[in-house]
Amino acid sequence: MESEDACFAKIESLLEDPSGFSLSKLKLESEKMKLRDKKSVVDVALRKRMLCLLASHSLEEVKSLLKMGVAAALANICSAPTPFLLFADVFNTKPISVCQQLFGFMEETITTLKDVPLFGSGRNTLLRMCNDLLRRLSKSQNTAFCGQIQLFLSRLFPLDEKSGLNLMSNFNVEKEIVYNKAPDVSAFKHQTSLDGTKDELEEGETTDAPTPIEVDASLYVKFWSIQEFFKIPTLCYDKNKWPVFQHSTETVLEIFSSIKLQFSEDTDMQMETSSAKFSKYLTSEKVPVVF
């Protein structure tokens, strides 16, 4: 009877075969092994081969091995969690740029396992991998990628997944939006929400340009004070704070509703071709307000 080390060496050499490996070859070699726990040998061989490929930066071979891991799990050649662990090895070791390239491939591959019984054994690994990846990303610089990961998780897991629920109903009170609660009135002098300059019109001509709305210190404070209520909604239950929220919201919405948005074909083309940028709020009263 062959030893476990000898069987492992055969599987390892098969995976390293430059002529290419296939599921049929792997299955045949697995059937030849006279071991009680064949799957563990294949598991270790697959993960060891993956670590070697990650060190060599060969993405195409990495994809091939990932496909092999999924196929082997479906064929009951390796353990059910193995394909998920292989993906975790990739995303835990590669830089963000490479992870972004491979994420679409992972979506297509893992989605096929959603309705397969072995998905249950790897869901925690998958969830942990995605959460670790989200922690590495910047919400302002990698906004699109963060959204892609969250959409992937929302499609893969049910709405009542405990990890995605705020069971304790906690609010994110640590996030501070710093603004000047007593701004300098002179800083808002001559500020308007739209460009107030107009070309001289000939007699009898009219213009559809909206009337500029003056931006004063009161509007500045009302606009940014609303964020406190969004951060801690329970403030609305305070009988002294509710009128403040109601009045500030009505003022801001009234201004928004009075502005007529106008888009030309050139503007639409610029919006489609320009790269998306997600900047943080600029709360300084010295920054001109443009609604």
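What you see is a predicted model; the values in this text were computed from it and never measured.

Parameters and conventions
Residues numbered from 1 in each chain as written. Predicted model: local features only at pLDDT ≥ 70, side-chain atom pairs only at ≥ 80, totals over all residues. Heavy atoms only, no water. Helix = DSSP H or I, 4+ residues; strand = E, 2+ residues; numbered from the N terminus. Buried < 20%, exposed > 50% of the residue type's maximum accessible area, 1.4 Å probe, protein only. Contact = heavy atoms within 4.5 Å. Areas by Shrake-Rupley, 256 points an atom, 1.4 Å probe, with all protein chains shown as cover. Salt bridge = Lys/Arg side-chain N within 4 Å of Asp/Glu carboxyl O. 1 Å grid on protein atoms, 1.4 Å probe; cavity = no way out; pocket = protein on both sides within 12 Å on 5 of 7 lines; lining within 4 Å. Points joined across faces, edges and corners; volume = space filled by probe spheres on them. Nonpolar A, V, L, I, M, F, W, Y, C, P; charged D, E, K, R; others polar. Core = buried A, V, L, I, M, F, W, Y, C linked by side-chain atoms within 4.5 Å. pLDDT = per-residue confidence, 0-100. Expected span 1.5 Å × (residues − 1). Arc of directions from axis to C-beta. Phe/Tyr/Trp six-rings, centres within 6.5 Å; stacked < 30°, edge-to-face > 60°. Axes fitted to C-alpha atoms, helices over the stretch in contact; angles between N-to-C directions. Parallel < 35°, antiparallel > 145°, perpendicular 65-115°, else oblique.

Q: Any chance you could explain the overall build of the chain here in plain terms?
A: Assigned secondary structure in the chain consists of eleven helices and zero strands. When the helices and strands of the chain are listed from N to C terminus, the series reads α-α-α-α-α-α-α-α-α-α-α. Relative to its 291 residues, the chain shows a buried fraction of 33%. Relative to all contacts within the chain whose residues are 6 or more apart in sequence, the contacts with residues 24 or more apart total 67%. Roughly 19,200 Å² of accessible area belongs to the chain as shown, and the carbon and sulfur atoms make up 54% of that amount.

Q: Where do I start with the pattern of salt bridges in this structure?
A: Where charged atoms of side chains with opposite charge meet at close range, the side chains can pair. If you walk through the whole model with that rule in mind, you get six salt bridges. The partner of Arg49 in a salt bridge is Glu61, with the nearest N and O atoms 3.4 Å apart. Of this pair, Arg49 sits in helix α3 (residues 38–56) while Glu61 sits in helix α4 (residues 59–74), and the two are twelve residues apart along the sequence. Here Glu107 ties to Arg155 by a salt bridge, and the two come within 2.7 Å at their closest N and O atoms. Of the two residues, Glu107 sits in helix α6 (residues 96–111) while Arg155 sits in helix α8 (residues 143–156), which places them 48 residues apart along the sequence. Taking the relative accessible area as the measure of exposure, Glu107 reaches 13% and is therefore buried. Exposure remark for Arg155: the relative accessible area of 47% places this residue in the partly exposed category.

Q: Help me out: how do you make sense of empty space enclosed by the protein in this one?
A: If a probe as big as a water molecule is rolled over the atoms, it shows which places are left empty. Evaluated as defined, the whole model comprises one cavity of 30 Å³ or more. Volume-wise, the largest cavity comes out at about 30 Å³. Every residue lining the largest cavity is listed: Glu12, Leu15, Glu16, Ala45, Lys48, Arg49 and Cys52. At the level of elements, α1 (4–15) and α3 are the ones that each hand at least two residues to the lining of the largest cavity. Looking at the lining of the largest cavity element by element, the count peaks at four residues for α3. Classifying every residue of the lining of the largest cavity by side-chain character gives three nonpolar, no polar and four charged.

Q: Teacher, can you tell me more about the nonpolar core here?
A: Generally speaking, a soluble globular protein has its nonpolar side chains buried in company with each other. Counting 55 residues, the largest nonpolar core has Phe87, Phe91, Met106, Ile110, Leu126, Ile149 and Phe152 as the members making the most contacts within it. Contributing elements (two or more residues each) for this core: α1, α3, α4, α5 (82–93), α6, α7 (119–136) and α8. Among the elements that make up this core, the one with the highest residue count is α6 (eight residues). In this structure Phe87 touches Leu66, Val70, Phe105, Met106, Thr109, Ile110 and Met129, once residues within four positions along its chain are discounted.

Q: Is there a simple way to think about the confidence of the model for the chain in this case?
A: Regions with low pLDDT carry predicted coordinates that are not meant to be interpreted in detail. The predicted model of the chain has a mean per-residue pLDDT of 79, with 78% of residues at 70 or higher. Here helix α11 (residues 265–273) stands out as the least confident element of the chain, with mean pLDDT 54; α5 is the most confident, with 92. Low confidence marks residues 194–199, where pLDDT is under 50. Its contacts with residues over four positions away, or in another chain, come to five contacts.

Q: Please clarify how α1 should be interpreted in this entry.
A: Working note: α-helix, 3.6 residues per turn, so residues spaced by three or four point in the same direction. Taking 1.5 Å per residue as the helical rise, α1 with its twelve residues ought to reach 16 Å, and the 17 Å between its terminal C-alpha atoms agrees with that figure. Buried residues of α1: Cys7, Phe8, Ile11, Glu12, Leu14 and Leu15, and no others. Looking down the long axis of α1, one finds its buried residues gathered within 160° of arc, a one-sided arrangement. Structurally, α1 contributes buried residues whose contacts are with α2 (23–32), α3 and α4.

Q: Looking at this structure, I do not really get the packing of aromatic side chains. What am I missing?
A: Each aromatic ring pair is specified by the distance between its two centres and by the angle formed by the two planes. All told, the structure shown has eleven aromatic pairs when counted by the stated rule. Consider the rings of Phe91 and Phe103, whose centres lie 6.1 Å apart with planes at 80°: the pair is edge-to-face. Of this pair, Phe91 sits in helix α5 while Phe103 sits in helix α6; the two residues are twelve residues apart in sequence, bridging distant segments of the chain. Taken individually, Phe91 and Phe103 each receive the classification buried, so the pair is uniform in this respect.

Q: What is the right way to look at the side chain of Arg49 in this model?
A: Residue classification places Arg49 among the buried positions, given a relative accessible area of 17%. Residues contacting Arg49, with those up to four places away along its chain left out, are Leu15, Glu16, Glu61 and Leu65.

Q: Explain the packing of α5 against α7 to me, please; I cannot follow it from the model alone.
A: Helix packing geometry: the angle between the two helix axes and the distance between the axes. With their axes 9 Å apart at the nearest point, α5 and α7 run at an angle of 10° to one another. Here α5 lies roughly parallel to α7, going by the angle between them. Between α5, through Phe84, Leu85, Phe87, Ala88, Phe91 and Asn92, and α7, the contact on the second element is made entirely by Phe119, Gly122, Thr125, Leu126, Met129, Leu133 and Arg136. A class-by-class count of the residues in the contact of α5 with α7 yields nine nonpolar, three polar and one charged.

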